[in-house]
Amino acid sequence: MLTRNEGFANLTAGYLFPEVARRRREYAAAHPDAKIISLGIGNTTEPLPKFIAKKMADYALGLATPEGYSGYGDEQGNTELRKKIAEVWYKGLADESEVFISDGAKCDIARIQTLFGRKVKIAVQDPAYPVYVDGSVIVGAAGKNNGTGYEGVTYMPCTPENDFFPELSVVEPNSLIYFCSPNNPTGAVATKEQLKKLVDFANKNGCIIIFDGAYREFIRDPSLPKTIFEIEGARTCAIEINSFSKPAGFTGVRLGWSIVPNDLKFADGTSVNRDWNRVMTTLFNGASNVVQAGGLACLEPEGLKAMKEVIDYYLENAALIKKTFEGENFKKAGAEVYFTGNSPYIWVQFPGLKSWDVFDTLLDKCRVVTTPGSGFGPAGESFIRISAFGHHADVEEACKRLSELAL
Ligand code: MLT
């Protein structure tokens, strides 16, 4: 019989969001009349802007005509879309040859690990989007969980005490550093000065940063960097991974991209971009052509305007959620709320309590699903994350229930 990939045996828990969904299902089965509202997974809820959906529909209909039909496209993505991303979202900070179109950021994060193999050292912000660590365990770059975390992973705590920016000196030279800003789950956005520190550290210590910018369009403070390539020196130490999921509501449609600078090199001087091209042409067959037509529509002026309106809508939810958790009942319970207005996530600490216990209380007493902070890493314990994705009416109802909760 074949031996099981030991990475799977090393994983100590199921993937966070299916586990949250399982608990919700269990609760719903036991309380069939409960109207449960999900502020858990960051899943978009608002309809696609018509302009964008129509471009996809037109493209799909074109496929039914001899002139409009096309089969496989370039694995790296439609040239026009690559060019448009470089122009609109990077404004000359990246060249189209450095843009690779994909089926989403999570898939790119998984595939990118093939570039570095199982011997690479990993450093993650703690808490962090679980794919960085779980993906590293599956490919064998991280080992067993010794109770405080996985072997081979350096956890960089990001807490209120350090303003959610980690102490970098704990990272070993030649590590792969995962860094997410605006951060999932804390909502913190690194300033230019903070990212400069990170970039300088990486260049000095032979590290490569995987910069996850999936929430960049939620940044409303113009002084905050939307891409790591705004930082001098990033082209020799960083890869950026990004997505249309959150700005365009493409969570189900699926479209993302990565930026791998031509200046980025491995220790032997070979090009990271060239190997990434090999990965994308070998392990991927290009994003759906229909969806790429939608991506192009997003980047037209009408698409950009429509995306901004949807994000404004979610940010209004976020402001209401923040206010709710700052209410008297939560204050009395010692809750601390962290939200800067530049992300769809609100991060709330309940000092002395366990995240899953808070999750259970809010589910049981308010029928509101949140995400337990401990699921994002050891430093997330005692926190919960509340997602601002949701219809206004549902968020208002959830906030009403939460504000009436006696703690
Ligand atoms: C989250 O809730 O953290 C994300 O939306 C999940 C995902 O994007 O995979």
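Predicted, not measured: the structure shown is a model, and the values here were computed from it.

Novice: Go over the sheet that holds strand β2 (residues 99-102) with me, naming the residues and quoting the values.
Specialist: Spatial strand order, β2-β8-β7-β6-β5-β3-β4: seven strands in an open sheet with mixed pairing. Looking along the sheet, the strands with just one partner apiece sit at the ends: β2 and β4 (153-157). For this sheet, the mean inter-axis angle between neighbouring strands, taken without regard to orientation, is 20°. Note: strand β3 (residues 121-126) against β4, five bridges, orientation parallel. Bridging across to β4, Asp126 finds its partner in Pro157.

Novice: Any chance you could break down helix α7 (residues 192-205) for me, citing the residues and the numbers?
Specialist: The end-to-end C-alpha distance of α7 is 20 Å, a good match for the 20 Å that 14 residues give at a rise of 1.5 Å each. Along α7, the residues that are buried comprise Gln194, Leu195, Leu198, Val199, Phe201 and Ala202. Buried residues of α7 fall within an arc of 160° about the axis and therefore sit on the same side. Exposed side of α7, more than 90 degrees from the buried face: Glu193, Lys197 and Lys204 are the residues found there. Looking at the buried residues of α7, the elements they touch are β5 (175-180) and β6 (208-212). Downstream of α7 by one or two residues, Gly206 has phi in the positive range, about 65°.

Novice: So, the nonpolar core: which residues are in play, and what are the values?
Specialist: The biggest cluster of nonpolar side chains holds 83 residues, and the ones touching the most others in it are Phe116, Ile209, Ile239 and Phe244. A total of six residues in this core trace back to one element, the largest contributor, which is helix α4 (residues 79-90). In this structure, Ile321, Phe330, Val368 and Val395 belong to the second largest nonpolar core, which totals 24 residues.

What counts and how
Residues numbered from 1 in each chain as written. Predicted model: local features only at pLDDT ≥ 70, side-chain atom pairs only at ≥ 80, totals over all residues. Heavy atoms only, no water. Pairing = 2+ DSSP bridges. Helix = DSSP H or I, 4+ residues; strand = E, 2+ residues; numbered from the N terminus. Axes fitted to C-alpha atoms, helices over the stretch in contact; angles between N-to-C directions. Expected span 1.5 Å × (residues − 1). Buried < 20%, exposed > 50% of the residue type's maximum accessible area, 1.4 Å probe, protein only. Arc of directions from axis to C-beta. Contact = heavy atoms within 4.5 Å. Core = buried A, V, L, I, M, F, W, Y, C linked by side-chain atoms within 4.5 Å.

Honestly, that's just the spatial picture; any functional story needs more than this.
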